[in-house]
Amino acid sequence: MMFFRKLKSQWHWFVINTLGLSVALAGVITVTVFAVNELSFDKFYSKADRIYRITIEYSTGNTSMHPARVVGSKPKELLGEYPAFQKMARLVPFRKSVVKIGESKFYSAMAFSTDSTFFDVFDTKIITGPSGQHLVQPNKVLISKSLAEKYFGSVDVIGKTVSILNQQESNPLLYTVEGVYEDFPKNSHFHPELLASFTEINNQTTWAYTYFLMAPGTDVANLTKTIQQRWEKENDTGEPTPVIHLQKLTDIHLYSNKTRELEANGSIRSLIMLVSGALILLFIALINFMNLCRVKFIRESKTIVVKMINGATRLMLTKDYVLETLFLSVISIALAIVVAGKLSHVLGFSLMFSGYFFLVLLICVGFIAIVSIIAVYPLLTSKFSFDFKIKSRRSVLYTVPLLVQFTLSIVAIICTIILGRQINFLNNAHPSSGNPSMIVIADNPWDAVQRYDIFKSELIKNLVIKDVSSAMEEPGGDILDAVVFEMEGVDSKKEQTINIFTADSNFFSFMGIKPIAGTVKVDNMPSQQWEQAAINLSMLKAYNPDKHQEIERLEKVVGNFSDEYIVNKSALKLFGITNPNDAVGRRFRIKFHLPYLFPEGKIIGVVPDFHYTNLHNEEKPLVIGSRKCFNFCFLITFAPGQFRKAISTIEKAWEKVNPEYPFQFQFITDTYHAVYKNEYSQLNLLSIFALISVMLSLLGMYAMASFSMQRRIKEIGIRKINGASIFEIMAMLNRSFVKWVVVAFVIATPIAYLAMQKWLANFAYKTELSWWIFVLAGVLAIMVALITVSWQSWRAATCNPVETLRYE
């Protein structure tokens, strides 16, 4: 009963500490579980330490690319030439394929054809199906458990038929189900829904995500060096030698940011930043708790001395303190679990189903131990005298914790401001990123792309549809295709390459991108029938030159077409041109394997680096050609406020033109948002942490200021009697606190600057670390501290000195 009476008299101390500690603990639990999960990616495979992904860095002329997948026969050659490579598993994506199971049709971006050795490399559990090797026979497929249960109703699906239509094909392929495998865990860097027998699509280059199972004890670094030296020795092409990279499976998720990754990966820099934010919050809460415990201890000093006079020992007093702390800890942990459950959704996972119960339990036990030590520390380190005074061994412990607390809070404020500015910078840099009336229909099937003109004409009949355009890649995607070019005034002796992007003739006006020289208005955009004729003519002349009549007919259709090209600002550096107007009107020709599709023409305009792709990588020299046959992404704008009517109109037009394909769309804002999904999650969580950090610091300062004023109340009374004004007393009282905030700002600034400089290294384009951000954070901290302390100092300065000195 005595314990609860004491608790009732100190309810404000209990509430402040419970709220502060519970929120800080929630942050630590959430981030720790998230971090452990991120660090555990792909480690569940029994042979994870021996699985390596091969990637090859290609350089052609002046362009280079390093995709996560490889093309050609080199991986297969390595398997036969080096015993260290024991087995190989390739994943060839069907891209955004149309899968048909029974009467159900759906898109899948996680359908692959693979080698029969896949399950030897990745030991995923097979639930149903014959034992031994799988996918040995052609036209066989294994499907995930969730897919089987969703579309078949059970895992008993052996012998059933699945139809898969590759994105770039017109005819689907039929596969017979020969097994069902367990769903890949969430902490896998890829999650296939269907795994089919290895399939090479006709007339298509086979790009594959390729993994090797290495022999035990292989020195991978030395092996990589040996292979690279051999490739360089055998290279007699005059072109740069491709660079081989062997990346450990468990390093892919946090350390790989290549183009065309299987799925979006994490970032070790971002993870460190997130963990740092949680630790800052915890340190601030613990410092707050430590200060409030010391204040409480000093207030109770006379009671403690009386107890000791009456026979109480330090051990007995310690037990009382531990009991109080244990009660506070249990309440804090209960609240923390609830809050952590909410915070986990910000990072895209559920704490309740994360499977980290023992980790959370360990954190809670550690939390109780730390809080208990802090609570009893003043009792164990203070000297008692029987004149009812307690002498602290270290008075510096009052000011140093306050200094550390505000230093960490200012770091959190600065980091959050810069992180928010970077996200806004990324959003504003992308064209039409803030347009709520624009939707994206991305990764369309080949037949739908060839019917684009029909689909567009159906849409623009409706007044609710403002405009329609198309592009080779979706907003935020990667532009990787590079071609050799020739240009008037540019040295043709040395073969040079440029990245190519195709779009509809109205693409730039549609996206609101204005030229910096020339025009973006394409006057002679060919029809899709012309494009098909140009493709057929190129193929016939290359492979069937004896079909003279058909060639003559197609030559008449194609005619003497002169193309119109647009280049970006980065391309000017490649051309050696400084004035954009000097590029306009020059003859330009692409050396493409379908020569009639991109005939010689001229440059009609120069546009800025318009940042259509993601900003993790630098903008590349780009030539834009007005073609439709490669434009797998459709873009549509509709009248503002007419969303429901517009979507209904678009869906009806889609079903009319492409009845065999499902209709899917995304807002352009969501498309860009998906590219920076990790950054948005971190911003949201760190913003919460920063806000809580500041609030905790203010609560701590408020409590310390209140205690300080009470200790100096008689001094204040004497000063008032001697003529000191209220302003002078407030300035005197505030000065000691503001001084420490200023010192904290000086310490926090370089720490925050270095931390954000490292984080911004994730991006090719970044916001400036402007001086005013740091000044603003400092001014905010000082102002908030002044407001917090001034209320207490005003109360102390306006007290009646007669009352304060009555008993002296």
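Our subject is the structure that appears above.
The rules we used
Residues numbered from 1 in each chain as written. Predicted model: local features only at pLDDT ≥ 70, side-chain atom pairs only at ≥ 80, totals over all residues. Heavy atoms only, no water. Helix = DSSP H or I, 4+ residues; strand = E, 2+ residues; numbered from the N terminus. Contact = heavy atoms within 4.5 Å. Lys, Arg positive; Asp, Glu negative; His and termini not counted. Charge placed at Lys NZ, Arg CZ, Asp CG, Glu CD. Pairing = 2+ DSSP bridges. Patch = residues over 30% accessible without salt bridge, like charges linked within 9 Å, V, L, I, M, F, W, Y side chains within 5 Å. Areas by Shrake-Rupley, 256 points an atom, 1.4 Å probe, with all protein chains shown as cover. Salt bridge = Lys/Arg side-chain N within 4 Å of Asp/Glu carboxyl O. Axes fitted to C-alpha atoms, helices over the stretch in contact; angles between N-to-C directions. Parallel < 35°, antiparallel > 145°, perpendicular 65-115°, else oblique. Left-handed = near helix turned anticlockwise from the far one by under 90°. Nonpolar A, V, L, I, M, F, W, Y, C, P; charged D, E, K, R; others polar. Expected span 1.5 Å × (residues − 1). Buried < 20%, exposed > 50% of the residue type's maximum accessible area, 1.4 Å probe, protein only. Phe/Tyr/Trp six-rings, centres within 6.5 Å; stacked < 30°, edge-to-face > 60°. Lys NZ or Arg CZ within 6 Å of the ring centre and 35° of its normal. Core = buried A, V, L, I, M, F, W, Y, C linked by side-chain atoms within 4.5 Å. Disulfide = S-S within 2.5 Å.

Colleague: Lay out the overall build of the protein with the relevant residues and their values.
Modeller: Along its length, the protein carries 25 helices and 27 strands. If you line up the protein on its principal axes, its C-alpha atoms span 120 × 65 × 60 Å. Residue pairs in contact within the protein that sit at least 24 positions apart in sequence constitute 80% of those at least 6 positions apart. If you average the places of the 81 positive and of the 67 negative side-chain charges in the protein, the two averages end up 14 Å apart.

Colleague: So, the sheet that holds strand E17 (residues 438–441): which residues are in play, and what are the values?
Modeller: Reading across from one edge, E18-E26-E17-E27 is the order of the four strands in this open sheet, with antiparallel pairing throughout. The open sheet is flanked by strand E18 (465–471) and strand E27 (666–667), the only strands paired with a single partner. For E18 and strand E26 (residues 633–638), the ladder comprises six bridges, and the chain directions are antiparallel. Looking at E26, one finds that Ser 470 is bridged to Phe 634.

Colleague: Explain a nonpolar patch on the surface to me, using residue names and the numbers behind them.
Modeller: A contiguous nonpolar patch, built from Trp 771, Trp 772, Val 775, Leu 776, Val 779, Leu 780 and Met 783 and spanning about 660 Å² of accessible area, is present on the exposed surface. One can find Trp 771 in helix H24 (residues 771–797).

Colleague: Go over the packing of helix H8 (residues 268–299) against helix H23 (residues 726–760), please, and point to the residues and values.
Modeller: Where H8 contacts H23, the two axes come as close as 9 Å, and the packing angle between them is 150°. Between H8 and H23, the crossing angle belongs to the class labelled roughly antiparallel. Between H8 and H23 the crossing geometry is left-handed. Facing Arg 269, Ser 270 and Met 273 of H8, the residues of H23 in contact are Met 756, Lys 758 and Trp 759. The residue makeup of the contact of H8 with H23, split by class, is three nonpolar, one polar and two charged.

Colleague: Give a detailed account of helix H16 (residues 528–543), specifying residues and quantitative values.
Modeller: Under the 1.5 Å per step criterion, the end-to-end length of H16 is 22 Å for 16 residues, consistent within 8% with the ideal 22 Å. Those residues of H16 not exposed but buried are Gln 528, Trp 530, Glu 531, Ala 533, Ala 534, Ile 535, Leu 537, Ser 538 and Leu 540. Where H16 is buried, its residues touch helix H13 (446–450), helix H14 (452–459) and helix H17 (548–558).

Colleague: Outline the side chain of Thr 259, listing residues and values.
Modeller: In this structure, Thr 259 sits in the loop between helix H7 (252–255) and H8. Look past the residues within four positions of Thr 259 in its chain and what remains in contact with it is His 66, Pro 67, Ala 68, Asp 478, Leu 480 and Asn 617.

Colleague: Residues and numbers for the packing of aromatic side chains, please.
Modeller: Summed over all chains, the structure comprises 43 aromatic pairs. Their ring planes at 75° and their centres at 6.4 Å tell us that Phe 118 and Phe 190 sit as a pair that is edge-to-face. A residue pair is termed long-range when its members are at least 10 positions apart, and Phe 118 in helix H4 (residues 118–121) and Phe 190 in the loop between strand E11 (173–181) and strand E12 (194–197) qualify at 72 residues. Measuring from centroid to centroid gives 6.3 Å for Phe 592 and Phe 630, while their planes differ by 80°, and the two rings are edge-to-face. With a gap of 38 residues between them, Phe 592 in the loop between strand E23 (587–591) and strand E24 (601–607) and Phe 630 in the loop between strand E25 (622–625) and E26 connect regions that are remote in the sequence. The class of Phe 592 is buried, set by a relative accessible area of 19%. Each member of the aromatic cluster is reached from another via a ring pair, and the members are Phe 44, Tyr 45, Phe 118, Phe 119, Phe 122, Tyr 181, Phe 184, Phe 190 and Tyr 211. One Lys or Arg, Lys 74, reaches over the ring of Trp 231 and ends 4.4 Å from the middle of that ring. The ring of Phe 198 carries the charged tip of Arg 90 above its face, separated from the ring centre by 3.9 Å.

Colleague: Pulling in residues and values, what's your account of the nonpolar core?
Modeller: Among the nonpolar cores identified, the biggest contains 81 residues, and Leu 21, Ile 29, Phe 289, Phe 689 and Met 701 are the most heavily contacted of them. Only helix H2 (11–39), H8, helix H10 (314–346), helix H11 (357–381), helix H12 (399–429), helix H21 (677–711), H23 and H24 provide two or more residues apiece to this core. Element by element, the count of residues in this core is highest for H12, at 13 residues. Those residues in contact with Phe 689 that sit more than four places away from it in its chain are Gly 27, Val 31, Leu 274, Gly 277, Ala 278, Leu 281 and Leu 343.

Colleague: Residues and numbers for the pattern of salt bridges, please.
Modeller: The final tally for this structure, using the stated rule, is 17 salt bridges. A salt bridge links Lys 456 to Asp 504; the shortest N-O distance between them is 3.0 Å. Placement of Lys 456 in helix H14 and of Asp 504 in the loop between strand E20 (496–502) and helix H15 (507–511) is noted, with a sequence separation of 48 residues between them. Note on accessibility: Lys 456 and Asp 504 belong to one class, buried.

Colleague: Can you explain unusual backbone geometry? Please cite residues and give values.
Modeller: Of note, Asp 42 is a non-glycine position whose phi angle comes to about 65°, a positive value. In this fold, Asp 42 is placed in the loop between H2 and strand E1 (51–60). For Asp 42, a relative accessible area of 0% corresponds to the buried category. Positive phi, normally seen in glycine, also occurs at Arg 260, with a value near 60°. The topology assignment puts Arg 260 in the loop between H7 and H8. Exposure remark for Arg 260: the relative accessible area of 22% places this residue in the partly exposed category.

Colleague: Can you explain the state of the cysteines? Please cite residues and give values.
Modeller: Inspection of the entire model under this criterion finds zero disulfides. Cys 633 forms no disulfide, and the closest cysteine sulfur to it belongs to Cys 629, at a distance of 15 Å. Note on Cys 633: relative accessible area 1%, which makes it buried.

Colleague: An account of the side chain of Glu 38 is needed here, citing residue identities and associated values.
Modeller: Relative to the helices and strands, Glu 38 is located in helix H2. Those residues within four positions of Glu 38 in sequence are excluded, and the remaining contacts are His 253, Leu 254, Gly 266 and Leu 271.

Colleague: Could you give an account of the packing of H14 against helix H19 (residues 643–657), naming the residues involved and the relevant values?
Modeller: Packing of H14 against H19 leaves a shortest axis separation of 10 Å and a crossing angle of 145°. Crossing of H14 over H19 shows right-handed handedness. Here Ile 454, Phe 455, Glu 458 and Leu 459 of H14 lie close against H19, whose contacting residues are Thr 649, Ile 650, Ala 653, Trp 654, Lys 656 and Val 657. For the contact of H14 with H19, a count of residues per class yields seven nonpolar, one polar and two charged.

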